[in-house]
Structures are given as C-alpha cells and as structure tokens.
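Examination of the molecular architecture
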Amino acid sequence: MSEPTSAPRIRAAGPDDLDAVLAFWKTAAEGTSISDDRSGVERLVARDPEALILAERDGELVGTVIAGFDGWRCHLYRLAVHPDHRRQGVATALLAAAEERFAALGGRRADAMVLQRNETAHHAWGAAGYAPEERWRRWVKPLTG
C-alpha cells in the first residue's frame, strides 16, 4: 500500500473519463455489472452529469462512486477504491461528496448496492454509517439478452 501524497481531488466524471473509469473498475471494483460498458456509462453521464464521482490523487484515478438520484431516492453504486489507495480516506471523501450531492437535491436517505460476499465492503460501509436493511430484497430482471 502506498502512502498518500495528497488529499484526493473529487470531481464529476466527464465524457473523456469513461474509458479510464471502465478500465479502473476492472482493477478496483468487486464483481461486474451488466452496465459496465461504454454505452452504459455514456448514458449515465449524459442523463446525469454529476452522478459519476471520481477521486484522483496526483492526477491518477483512485476511486469512484455513482450517486444516482431519481427525484425520490438516493442510490449509491460502484464505490471502488484502487487497492493501493485503500484505507487512506478515498472512500470517505467520495461518500461525503455523494451525500452532499443528495442533500443539495433534497434526498432524505441513501442506499447502497453491496455484494453479500464482499466482507471488506461490509466493514467500509458500516464504518461510514450504513447498515444492511434486512426487511428488503432486491428483485432483478435483466432487460437485455
């Protein structure tokens, strides 16, 4: 694990960042998503330019989170930190930015997609004040092939 050289710079992703984000997720994200392709991420950024939040340190992409707001609910996806930059405040900074975004949009509660098998993530989300909501289950239907 490298020592942090600076606080992460937090900013919204733009169209020029998408290839780097997709490559980053292959290294830093746990699992893959049906939407982990160029067209899926392009649609996200085109529809909501502030939703995909990046953390950079010394010009290098070190973390991401998607902070989606549909006008009613606040959803967090793809919180990922590069393995060499974990436990250095990157996830904390990303979640703070996401929560500030939600508050500014009038959001009242955030929920996060977290894989059941990802124990490391469970600890990180718990430390950030999130807890599993056992009364609900996510029901999924793929809309493509």
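Residues numbered from 1 in each chain as written. Predicted model: local features only at pLDDT ≥ 70, side-chain atom pairs only at ≥ 80, totals over all residues. Heavy atoms only, no water.

Here the focus is the side chain of Asp48. As for its placement among the helices and strands, Asp48 is situated in the loop between helix H2 (38-47) and strand E2 (52-57). Once you skip the residues sitting within four places of it in the chain, Asp48 turns out to touch Phe69 and Arg101. (Helix = DSSP H or I, 4+ residues; strand = E, 2+ residues; numbered from the N terminus. Contact = heavy atoms within 4.5 Å.)

The element strand E4 (residues 74-81) is extensively covered by neighbouring structure, given that six of its eight residues are classed as buried. Taken together, the six bridges between strand E3 (residues 60-69) and E4 define a ladder with antiparallel strand orientation. Each bridged residue has a counterpart across the sheet, and for Ala67 the counterpart in E4 is Leu76. Here E3 folds back onto E4 in antiparallel fashion, the turn holding four residues, of which Gly71 has a positive phi close to 95°. As paired elements, E4 and strand E5 (residues 110-112) share three bridges and run parallel to each other. Residue pairing in the sheet places Cys74 in a bridge with Ala110 of E5. (Buried < 20%, exposed > 50% of the residue type's maximum accessible area, 1.4 Å probe, protein only. Pairing = 2+ DSSP bridges.)

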